[in-house]
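Letter by letter, the chains look like this.
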Amino acid sequence: PLRTGPDLVPRLADAEALITAKTRAIVLVTPNNPGGVEYPAELLTAFYDLAKAHGIALIVDETYRDFDSRPSPAHDLFSQADWGAHFIHLYSFSKAYRLTGHRVGALIAGAERLSQVEKFLDTVTICPNQLGQRAALWGIENLRDWLAGERAEILSRRAAIEAGFDPLDGWRVLGAGAYFAYVEHPYAEEAEALCTRMVGQIRIAFANIDVDEISELFQRLSSLSGTRR
């Protein structure tokens, strides 16, 4: 595993130290799950350069890309002249079109690598669920405006999460993006003792609650008491 720093962002030097003769790829997830952090475009480019220098692949899982808060593209890896030799993009339709459970996604890679993937699929799954594929295609062709509304709503909930934590004394948002917020509490108790009330770092899934329910969350957090660390 490639562990992150306290800002929940992976370090290039840490990744390079893990590469051995057996390494075939570096895998990153952005926006991150469970942390929610959106990796900077320049960081992804640096990881691409690292993978290329070692003759391995960079795999970027962008399942939550539709809910990335940045107006500009999350990266420019597809503009690299030789991206097909070193970059693999993963995507899932389950979040964008509410197809959770159908397990239908997308993979973008160079032609030669795709031919190998197709051979593997032909001997393992033969064909993914056709219902999910049809639903995903219909979503691509018909739900652009609907998806834009979904994105706007998720981003408004994210803003409510960030604004709500701002006045809470001692609480620290380690990462927030897409569906998740990852936060640290200010109390002195050991995590094992505290877990009956709260855990030390909390992943808050806000995708399925509205802004009024988010307000209730912060009312509960502000009512907590305990010895501060």
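Residues numbered from 1 in each chain as written. Predicted model: local features only at pLDDT ≥ 70, side-chain atom pairs only at ≥ 80, totals over all residues. Heavy atoms only, no water.

Our next topic: the pairing of strand β6 (residues 180–184). The element β6 is extensively covered by neighbouring structure, given that 4 of its 5 residues are classed as buried. Pairing between strand β5 (residues 172–177) and β6: 5 bridges, direction antiparallel. Across the sheet, residue Gly 177 finds its bridge partner in β6, namely Phe 180. Inspection of the sheet shows β6 paired to strand β7 (residues 201–205) by 5 bridges, in the antiparallel sense. (Buried < 20%, exposed > 50% of the residue type's maximum accessible area, 1.4 Å probe, protein only. Helix = DSSP H or I, 4+ residues; strand = E, 2+ residues; numbered from the N terminus. Pairing = 2+ DSSP bridges.)

Reading across the sheet, the 4 strands line up as β1-β2-β3-β4 and stay open at both edges, with mixed pairing between neighbours. Unpaired on one side and paired on the other, β1 (25–29) and β4 (105–108) mark the two borders of the sheet. The mean angle between the axes of side-by-side strands here comes to 15°, regardless of whether they run parallel or antiparallel. As judged from the 4 bridges shared by strand β2 (residues 57–61) and strand β3 (residues 87–92), these two strands associate in the parallel manner. From the neighbouring strand, Asp 61 faces β3, where its bridge partner is Leu 90. (Axes fitted to C-alpha atoms, helices over the stretch in contact; angles between N-to-C directions.)

This paragraph deals with the layout of surface pockets. If you add up the space inside the largest pocket, you get close to 570 Å³. Lining the largest pocket are 20 residues; nearest its centre among them are Arg 103, Val 104, Gly 105, Ala 106 and Leu 107. Among the elements of the structure, β3, α4 (93–96), β4, α5 (111–124) and α6 (130–142) are those that each provide at least two residues to the lining of the largest pocket. Top contributing element to the lining of the largest pocket by residue count: α5, with 4 residues. Counted by class, the lining of the largest pocket contains 11 nonpolar, 6 polar and 3 charged residues. The calculated volume of the second largest pocket comes to roughly 270 Å³. If you go around the second largest pocket, you meet 14 residues; those closest to its centre are Glu 62, Arg 65, Ser 72, Pro 73 and Ala 74. Here the lining of the second largest pocket is composed, by residue class, of 4 nonpolar, 3 polar and 7 charged. (1 Å grid on protein atoms, 1.4 Å probe; cavity = no way out; pocket = protein on both sides within 12 Å on 5 of 7 lines; lining within 4 Å. Points joined across faces, edges and corners; volume = space filled by probe spheres on them. Nonpolar A, V, L, I, M, F, W, Y, C, P; charged D, E, K, R; others polar.)

On the surface, Phe 120, Leu 121 and Val 124 cluster together into a nonpolar patch covering about 280 Å² of accessible area. Looking at the secondary structure, you find Leu 121 in helix α5. (Patch = residues over 30% accessible without salt bridge, like charges linked within 9 Å, V, L, I, M, F, W, Y side chains within 5 Å. Areas by Shrake-Rupley, 256 points an atom, 1.4 Å probe, with all protein chains shown as cover. Salt bridge = Lys/Arg side-chain N within 4 Å of Asp/Glu carboxyl O.)

So, on to the pattern of salt bridges. Tallying each qualifying case throughout the model produces 10 salt bridges. Across the salt bridge formed by Arg 158 and Glu 38, the nearest N and O atoms sit 2.8 Å from each other. You can see Arg 158 sitting in helix α7 (residues 144–165) and its partner Glu 38 sitting in the loop between β1 and α2 (41–53), a full 120 residues away along the chain. In this structure, the salt-bridge partner of Glu 150 is Arg 98, at a minimum N-O distance of 2.8 Å. Taken as a pair, Glu 150 in helix α7 and Arg 98 in the loop between α4 and β4 lie far apart in primary sequence, 52 residues in all. Connected via shared salt-bridge partners are Glu 38, Asp 68, Arg 70, Arg 158 and Glu 162.

Right, let's talk about the environment of Thr 4 for a bit. Mapped onto the elements, Thr 4 comes out in the segment before α1 (12–18). Residue Thr 4 is classed as partly exposed on the basis of its relative accessible area, which comes to 34%. Residues Thr 4 and Ala 15, spaced 11 residues apart in sequence, show a C-alpha to C-alpha distance of 9.8 Å. Every residue in contact with Thr 4, bar those within four places of it in the chain, is listed here: Val 9 and Pro 10. (Contact = heavy atoms within 4.5 Å.)

For the rest of this paragraph, the subject is the sheet that holds β7. In spatial order, the strands read β5-β6-β7; together these 3 strands make up an open sheet with antiparallel pairing. Each edge of the open sheet carries a strand with a single partner, namely β5 and β7. Put simply, the sheet's adjacent strands are angled 15° from each other on average, direction ignored. Those strands touched by α7 are β5, β6 and β7, and its axis lies near 175° from that of β5.

Treat this as a map of the structure, not an account of what it does.
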